[in-house]
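Architecture and fold: a report
Now for the letters of each chain:
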Amino acid sequence: MNKEQILSELPFWGFLNKIEQDELIKHSDIKEYKKGNLIYNNLNECLGMIKVISGRIRVYIMSNEGREINLFEVRENECCVISAACIINKTNFKTDISAEEDTTILLIRNQKLKSIIDKNIEAKSHIYELLNNQMAQILTLMQNMLFNDLNTRLSDFLVEIYEKNNCKDGIFITQEEIAKNIGASREGVSRMLKKLEKENLIMISRKKIIIKDINKLKKSKKCD
């Protein structure tokens, strides 16, 4: 698949004139990353808009102590504009982005993207809507971290993964990955998982968590 084919899948592509389309093709790049590779960090200049062609990327922040907190993931055929926020609203949202598996992306470079959205209201409207949606995910995460205790955050996360992926054979995830997703320390997650196991709600094995009673887990909201 070439750049024009990929770009033509963007919702605002049909609202661009031929010159704008040609400029986007010229100022975009297809890039490949291995699992674990860093795509962007907050020390770099504003990156631009990312469209995931295949694979999956993770957007996260890192504390001064080196603890990572996942903000959201972007999957195949989805776009990320957090990496272009600095040209959209003139603020630099300090995030890091890495490949969660072998990943191919299309990157629309920042200055050309800015030129397009400054002139084309349809493109601007779509990108702002996407940015608002991703900021809403971040806000929900932060509210959850601020106002829900660790037990609630962990239980909600396990229930969400279980129901989204129908994980009747178990949730294949490490304690470190859980900690990143719910904004907690690995030690805190380990302690709370053992508590849930003792209550016979889950069973823990290496890199896998089996939900024994999903309905009771949903009601498990006691403070830790």
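In this report, we go over the structure that sits alongside the text. (Residues numbered from 1 in each chain as written. Predicted model: local features only at pLDDT ≥ 70, side-chain atom pairs only at ≥ 80, totals over all residues. Heavy atoms only, no water.)

**Topic: the side chain of Ser-98**
Locating Ser-98 in the fold gives a position in strand E7 (residues 96–99). In this view, Ser-98 contacts Asn-37, Leu-38, Ile-39, Arg-56, Ile-57, Arg-58 and Tyr-60; residues no more than four positions away in its chain are not counted. (Helix = DSSP H or I, 4+ residues; strand = E, 2+ residues; numbered from the N terminus. Contact = heavy atoms within 4.5 Å.)

**Overview of the nonpolar core**
In terms of nonpolar packing, the biggest core is built from 42 residues, with Ile-39, Met-49, Ile-50, Ile-57 and Cys-80 touching the most fellow members. Of all the elements, helix H5 (residues 121–147) adds the most residues to this core, at six residues. Ile-39 has contacts with Tyr-33, Leu-47, Ile-50, Ile-57, Ile-97, Ser-98, Ala-99 and Ile-105, leaving out every residue within four places of it along the chain. Formed by 24 residues, the second largest nonpolar core is a distinct cluster that contains Cys-167, Ile-178, Ile-182 and Ile-214. (Core = buried A, V, L, I, M, F, W, Y, C linked by side-chain atoms within 4.5 Å. Buried < 20%, exposed > 50% of the residue type's maximum accessible area, 1.4 Å probe, protein only.)

**Remarks on the environment of Gly-66**
Within the secondary structure, Gly-66 is located in the loop between strand E4 (56–62) and strand E5 (68–75). When the C-alpha positions of Gly-66 and Ser-185 are compared, they lie 11 Å apart, and in sequence the two are 119 residues distant.

**With respect to the environment of Ser-220**
With respect to the helices, strands and loops of the structure, Ser-220 is situated in the segment after helix H9 (214–218). Here the alpha-carbon distance between Ser-220 and Asn-110, two residues 110 residues apart in the chain, equals 45 Å. Sequence-distant contacts of Ser-220, defined by excluding residues within four places in its chain, comprise Asn-151, Ser-155, Leu-196, Glu-199 and Leu-201.

**Details of the sheet that holds E4**
The four strands are arranged E2-E7-E4-E5 in an open sheet whose pairing can be described as antiparallel. Because the sheet does not close on itself, it has two edges, and the strands there are strand E2 (38–40) and E5. In this sheet, adjacent strand axes meet at a mean angle of 30° when their direction is disregarded. Pairing between E4 and E5: seven bridges, direction antiparallel. Looking at E5, one finds that Tyr-60 is bridged to Asn-70. (Pairing = 2+ DSSP bridges. Axes fitted to C-alpha atoms, helices over the stretch in contact; angles between N-to-C directions.)

**Regarding the sheet that holds strand E10 (residues 202–205)**
A sheet is described by the order of its strands in space; here three strands give the open sequence E9-E11-E10, paired in antiparallel fashion. Two strands in the sheet have a free side with no partner beyond their single neighbour: strand E9 (171–172) and E10. Note that E9 and strand E11 (residues 208–211) share two bridges and pair antiparallel. Bridge pairing links Ile-171 to Ile-209 in E11.

**With respect to the pattern of salt bridges**
Close approach of charged atoms allows side chains of opposite charge to pair. Under the defined criterion, the tally for this structure stands at 16 salt bridges. Note that Asp-22 and Lys-18 form a salt bridge whose closest N and O atoms lie 2.9 Å from each other. Taken together, the positions of Asp-22 and Lys-18, both in helix H2 (residues 18–26) and four residues apart, correspond to about one turn of that helix. Here Lys-18 falls in the exposed class, since its relative accessible area comes to 56%. (Salt bridge = Lys/Arg side-chain N within 4 Å of Asp/Glu carboxyl O.)

**What to know about the packing of H2 against helix H4 (residues 110–119)**
Contact geometry for H2 and H4: axes closest at 10 Å, N-to-C directions at 160°. Here H4 runs roughly antiparallel to H2, going by the angle between their axes. Where H2 crosses over H4, the two elements pack in a sense that is left-handed. On H4, the residues touching Glu-20, Glu-23 and Leu-24 of H2 are Lys-112, Ile-116 and Lys-119. Residue classes in the contact of H2 with H4 are distributed as two nonpolar, no polar and four charged. (Parallel < 35°, antiparallel > 145°, perpendicular 65-115°, else oblique. Left-handed = near helix turned anticlockwise from the far one by under 90°. Nonpolar A, V, L, I, M, F, W, Y, C, P; charged D, E, K, R; others polar.)

**Brief notes about the layout of surface pockets**
The volume enclosed by the largest pocket comes to roughly 1200 Å³. For the lining of the largest pocket, the elements supplying multiple residues, two or more each, are E4, E5, E7, H5, helix H6 (150–165), E9 and helix H7 (175–182). Counting residues per element, the lining of the largest pocket draws most heavily on H6, at seven residues. Across the lining of the largest pocket, the residue classes tally to 11 nonpolar, eight polar and 13 charged. (1 Å grid on protein atoms, 1.4 Å probe; cavity = no way out; pocket = protein on both sides within 12 Å on 5 of 7 lines; lining within 4 Å. Points joined across faces, edges and corners; volume = space filled by probe spheres on them.)

**Section: the packing of aromatic side chains**
Tallied over the entire structure, the rule returns zero aromatic pairs. The residue whose ring lies beneath Arg-58 is Tyr-60, and the NZ or CZ to ring-centre distance is 4.0 Å. (Phe/Tyr/Trp six-rings, centres within 6.5 Å; stacked < 30°, edge-to-face > 60°. Lys NZ or Arg CZ within 6 Å of the ring centre and 35° of its normal.)

Shape descriptors only; they carry no functional weight alone.
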